[in-house]
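Analysis of the macromolecular model
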Amino acid sequence: MRSRSSRSGSWPLPGDVVDPATRSRMMAGIRGKDTKPELVVRRGLHALGFRFVLHDRRLPGKPDMVLPRWRAAVFIHGCFWHGHDCPLFRWPGTRQDFWREKIGRNQERDAEVEAALDHTGWRVLKIWECSMKGPGRIGADAIMPLAADWLRSDRKQGEIRGTLRAGG
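Residues numbered from 1 in each chain as written. Predicted model: local features only at pLDDT ≥ 70, side-chain atom pairs only at ≥ 80, totals over all residues. Heavy atoms only, no water.

Judged by nonpolar contacts, the single largest core of 18 residues is most densely connected at V41, L45 and I127. Elements that contribute at least two residues to this core include exactly α2 (36–47), β4 (65–67), β5 (72–77), β6 (123–128) and α4 (140–152). No other element matches α4, which puts six residues into this core. Ignoring anything within four residues of it in the chain, the contact list for V41 reads M65, I76, I127, M132 and M144. The next biggest cluster of nonpolar side chains, apart from the first, holds eight residues, and it includes V66, V113, W122 and V124. (Core = buried A, V, L, I, M, F, W, Y, C linked by side-chain atoms within 4.5 Å. Buried < 20%, exposed > 50% of the residue type's maximum accessible area, 1.4 Å probe, protein only. Helix = DSSP H or I, 4+ residues; strand = E, 2+ residues; numbered from the N terminus. Contact = heavy atoms within 4.5 Å.)

Our next topic: the sheet that holds β4. If you trace the five strands from one edge of the open sheet to the other, you get β3-β4-β5-β6-β7, paired in mixed fashion. The sheet is open, and its two edges are formed by β3 (53–54) and β7 (157–160), each paired on a single side. Along the sheet, helix α3 (residues 96–119) makes contact with β5, β6 and β7, crossing β5 at roughly 165°. (Pairing = 2+ DSSP bridges. Axes fitted to C-alpha atoms, helices over the stretch in contact; angles between N-to-C directions.)

With that out of the way, let us pick up the environment of D64. When you line up the elements, D64 lands in the loop between β3 and β4. Along the primary structure D64 and K126 are separated by 62 residues, whereas in three dimensions their C-alpha atoms are 10.0 Å apart. Once residues lying within four places of it in the same chain are set aside, the contact partners of D64 are E38, V53, L54, H55, V74, F75 and I76. Reaching out from D64, the side chain makes a polar contact with the backbone nitrogen of I76 at a distance of 2.6 Å. (Polar contact = N/O pair within 3.5 Å; in protein donor to acceptor, adjacent residues only side chain to side chain.)

Here we take up α3. Over its 24 residues, α3 extends 34 Å from the first C-alpha to the last, a length consistent with the 34 Å expected when each residue adds 1.5 Å. When we look at burial in α3, the residues that qualify are W99, I103, G104, N106, D110, V113, E114 and L117. (Expected span 1.5 Å × (residues − 1).)

Attention now moves to the pairing of β7. What you see with β7 is a clean split: G158 and I160 sit on the buried side and Q157 and E159 on the side with no burial. Note: β6 against β7, four bridges, orientation parallel. When the bridges of β7 are listed, V124 appears paired with Q157. For the segment spanning β6, α4 and β7, crossover handedness is left-handed. (Right-handed = clockwise from strand over helix to strand, strands pointing away.)

In this structure, H55 is a non-glycine residue whose phi angle is positive, near 50°. For R71, which is not a glycine, the phi torsion comes out positive at approximately 50°. Within the secondary structure, R71 sits in the loop between β4 and β5.

None of the figures reported here should be taken as evidence of function without further support.
What follows is the structure, encoded as structure tokens:
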């Protein structure tokens, strides 16, 4: 991000509300593994008796959780990074070409990984961040039974997402 200089240092260009150093620190703090939503799902499924492997490199896309007994791979997706159609996702106002390309590529990779897992006989469950956070969240108490029911089923694909509330 470009910034303008002044006597007191630099300030953000229009479209951003923080200075470049703060934005850099914020972006560096975004985790790829062991996110809060991942930890919630792990604890919940473990409490229900499900056992899993984390980030198995032998499978396409290194799923967040792999449940070999159920031949299932679970992805806990952040709505922003995966371009989810929900209230938590909003296109950034700056560097729009960069973000459209980046998020578009993430979505393409998600589709490629799901197809590769399906081709090798694995089932895929996607749990979206909006199911745990934001105006349409359904909460962990609702997510865990949905995930457990899907795991025990024979369905190939599953998705757990938030819901839109009235006025939202």
